[in-house]
Amino acid sequence: IFGTGVTVAMDPRTLGTQIDDSIMDKSLDAKLLATNKTYLLNVKTKILDGRIFITGKVDKVEEKLNITKLAWETKGARSVKNDLKIKDEFNFKQSAKDILITSQLRSALIFNKNTKSVNYNIDTYKKKIYIYGIATTTEERDEVIAEAKEIIDVEDVIASILLVDDLRVQKN
């Protein structure tokens, strides 16, 4: 108990923020465990002020993308940094195409005055674009998805874009 008090006392976050982060962490851990029991050992999460950091190793890219989606769907998530490593085999030609698609979308969002590109994580795998982030308006969300669909060779767009208004409970 004494050790916990020291940790809380030395943490620069407010007690309320620490509690919110702890609840988010337990919620995400429960989702991961329900998805795949091996994630308990292979995937580590850390949450600071609603920002989720993920590390570890998974077998396939699809698992990494799904874990990113689960993290974004955690109530209170403000950003997600997924540094999971993949054990899957590497295909240079496919990877190069995917990097090109991601770069094209990133550039389109940077040059589009109606979008804030820094608010989005973009992953492309086998010509499918996965977009995670926070939009200020529904129009911005729709614009991001439309930009993704315009890119040549894109087979599908999977978007998990939250609205700013949905992030935190409004305090009156």
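Residues numbered from 1 in each chain as written. Predicted model: local features only at pLDDT ≥ 70, side-chain atom pairs only at ≥ 80, totals over all residues. Heavy atoms only, no water.

A.B. asks: So what's going on with the packing of helix α5 (residues 92-111) against helix α6 (residues 138-149)? Residues and values would help.
C.D. replies: Relative to each other, α5 and α6 sit at 140 degrees, their axes nearing to 9 Å. With respect to α6, the element α5 is oriented oblique. Crossing angle aside, the handedness with which α5 passes α6 is right-handed. Contacts from Leu-105, Ala-108 and Leu-109 of α5 reach α6 at Val-144, Glu-147 and Ala-148. Classifying every residue of the contact of α5 with α6 by side-chain character gives 5 nonpolar, no polar and 1 charged. (Axes fitted to C-alpha atoms, helices over the stretch in contact; angles between N-to-C directions. Helix = DSSP H or I, 4+ residues; strand = E, 2+ residues; numbered from the N terminus. Parallel < 35°, antiparallel > 145°, perpendicular 65-115°, else oblique. Left-handed = near helix turned anticlockwise from the far one by under 90°. Contact = heavy atoms within 4.5 Å. Nonpolar A, V, L, I, M, F, W, Y, C, P; charged D, E, K, R; others polar.)

A.B. asks: Break down unusual backbone geometry for me, with residues and values.
C.D. replies: In this structure, Asp-49 is a non-glycine residue whose phi angle is positive, near 55 degrees. A positive phi angle is found at Lys-127, which is not glycine, with a value near 65 degrees.

A.B. asks: Can you lay out the pattern of salt bridges for me, pointing to particular residues and giving the numbers?
C.D. replies: What the rule picks out here adds up to 5 salt bridges. Linking Arg-78 and Asp-49 is a salt bridge whose minimum nitrogen-to-oxygen distance equals 3.8 Å. Residue Arg-78 is located in the loop between α4 (61-72) and β3 (79-86), and its partner Asp-49 is located in the loop between β1 (43-48) and β2 (51-58); the two are separated by 29 residues in the primary sequence. On the accessibility criterion, Arg-78 (31% relative accessible area) is partly exposed. Residue Glu-73 pairs with Lys-69 through a salt bridge whose shortest N-O separation is 2.4 Å. On the basis of relative accessibility, which here comes to 39%, the residue Glu-73 falls in the partly exposed class. One connected set of salt bridges, linked through shared partners, spans Asp-49, Arg-51 and Arg-78. (Salt bridge = Lys/Arg side-chain N within 4 Å of Asp/Glu carboxyl O. Buried < 20%, exposed > 50% of the residue type's maximum accessible area, 1.4 Å probe, protein only.)

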